[in-house]
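Single-letter residue listing:
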Amino acid sequence: MNIDVAAKKSAVDAAIESIRDYILNNQLGPGDPLPGENEFAAALGVSRNILREGLRHYRTLGIIDCRPRTGAVIVSLTPRNPFGGYYSFIAAGQDSLQELARLRNCIEHGAARFMVLDAEDGEIDDLGRLADEFEDCDDAARLFELDVEFHSRLLRLPRNRLLEGLIPFVVGFFDEQRRLRGDSIKLRNRSSIASRHRTIVAALRRRDAAALERALDEHNPRAFGIEPK
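Source: prediction; values computed, not measured.

Peer 1: Teacher, can you tell me more about the pattern of salt bridges here?
Peer 2: Should their charged atoms come close, side chains of opposite charge can pair. What the rule picks out here adds up to 22 salt bridges. Residue R129 is joined to D126 by a salt bridge in which the shortest nitrogen-to-oxygen separation is 2.3 Å. Here R129 and its partner D126 are both found in helix α6 (residues 121–136), three residues apart, which amounts to about one turn of the helix. Note on D126: relative accessible area 26%, which makes it partly exposed. Taking the shortest distance from any N to any O, the salt bridge between D126 and R153 comes out at 3.4 Å. One end of the pair, D126, is in helix α6; the other, R153, is in helix α7 (residues 140–156), and 27 residues separate them in sequence. Exposure remark for R153: the relative accessible area of 32% places this residue in the partly exposed category. Shared partners join several salt bridges into a network, and the residues in it are R104, E108, D147, D175 and R178.

Peer 1: Where do I start with the packing of aromatic side chains in this structure?
Peer 2: Two numbers describe a pair of aromatic rings. These are the distance of the centres and the angle of the planes. Counting across every chain of the model gives five aromatic pairs. Taking 6.1 Å as the distance between ring centres and 15° as the angle between the ring planes, the aromatic pair formed by Y87 and F169 counts as stacked. Of this pair, Y87 sits in helix α4 (residues 87–91) while F169 sits in helix α9 (residues 167–180); the two residues are 82 residues apart in sequence, bridging distant segments of the chain. You can call F169 buried: its relative accessible area is 6%. Ring centres of Y87 and F173 lie 4.1 Å apart, and the angle between their planes is 15°; this geometry places the pair in the stacked category.

Peer 1: Explain the pairing of strand β1 (residues 64–67) to me, please; I cannot follow it from the model alone.
Peer 2: In regular strands, side chains alternate between the two faces of the sheet. For β1 and strand β2 (residues 71–74), the ladder comprises four bridges, and the chain directions are antiparallel. Counted as the bridge partner of C66 is A72 from β2. Remark: three residues form the turn of the hairpin made by β1 and β2, two consecutive strands paired antiparallel; R69 in that turn has positive phi of roughly 75°.

Peer 1: Honestly, α6 in this entry has me stumped. Any pointers?
Peer 2: Because an α-helix packs 3.6 residues into every turn, residues spaced three or four apart end up facing the same way. An ideal rise of 1.5 Å per residue puts 22 Å on 16 residues; α6 measures up with 23 Å between its terminal C-alpha atoms. Within α6, burial applies to I124, L127, G128, L130, A131 and F134. Angular distribution of buried residues about the axis of α6 spans 155°; they occupy a single face of the element. Residues of α6 that are exposed and point over 90 degrees away from its buried face: D121, R129 and D136. Here the buried face of α6 lies against α7 and α10 (190–205).

Peer 1: Explanation requested: the confidence of the model for the protein in the structure shown.
Peer 2: Low-pLDDT portions of the prediction should not be read for the details of their coordinates. On average, residues of the protein score 89 in pLDDT, and 92% of them are at 70 or above. Per-element confidence in the protein is highest for α6, whose mean pLDDT is 96, and lowest for β1, whose mean pLDDT is 88.

Peer 1: Sorry if this is basic, but what is going on with the nonpolar core here?
Peer 2: In summary, soluble globular proteins display a tendency toward joint burial of nonpolar side chains. By size, the foremost hydrophobic cluster in this structure holds 40 residues, and its most contacted members are M115, L127, L154, L155, I200, L204 and L212. For this core, the secondary structure elements donating two or more residues are α5 (96–118), α6, α7, α9, α10 and α11 (209–219). Take this core: its biggest share by element is eight residues, from α5. In contact with I200, other than residues within four places in its own chain, are F150, L154, L212, A215, L216 and H219. Ranked by size, the runner-up nonpolar core spans 17 residues in total, among them I16, I23, F40 and L55.

Parameters at a glance
Residues numbered from 1 in each chain as written. Predicted model: local features only at pLDDT ≥ 70, side-chain atom pairs only at ≥ 80, totals over all residues. Heavy atoms only, no water. Salt bridge = Lys/Arg side-chain N within 4 Å of Asp/Glu carboxyl O. Helix = DSSP H or I, 4+ residues; strand = E, 2+ residues; numbered from the N terminus. Buried < 20%, exposed > 50% of the residue type's maximum accessible area, 1.4 Å probe, protein only. Phe/Tyr/Trp six-rings, centres within 6.5 Å; stacked < 30°, edge-to-face > 60°. Pairing = 2+ DSSP bridges. Expected span 1.5 Å × (residues − 1). Arc of directions from axis to C-beta. Contact = heavy atoms within 4.5 Å. pLDDT = per-residue confidence, 0-100. Core = buried A, V, L, I, M, F, W, Y, C linked by side-chain atoms within 4.5 Å.

So, in structure tokens, the structure goes:
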């Protein structure tokens, strides 16, 4: 077993680094298990409690998952939500919604040409169906869910692991903040928003990156009632 003993520094930090080194040195990937707690703690030269703290760090990032019977297992080598631990601090900012809206627009706009290149026809069809369901929906809470699903799927089109890791932040957290601050997708606006969604879908169908960029610029952030200063 290729493993490094934890260096003499903060015990938890050392365990975190040693767990990282173990994963990389042994070329582990999704589905691969980590050693059992007793064996792993002894190999790292730390207590089981310190080991658990180190493992919790990687669970928070979405790198590992701890499952009954099988123990700790690698689920991804890319953090699934790298900003998750900072949400409270980000939300405390006075202009957080404005900043998130602009960031989301920058990311979607910048990813447009890769969406056009990599989107499969079935994925575009699914986005079209979401736009149709959005227009027919008469439940405000469901409108939020559909909007989150539409933009989450949009950002998955480029098949970029790092980009997908930002989805919980620029889509999920953003929409959560809108709800907490009393924003809502008004039923009377659903046709207008659905129309913008369909414009995005139409640009994808034509594989027209420039048209997709224009459609995204029109939709974000104006669709959320957050106008640029």
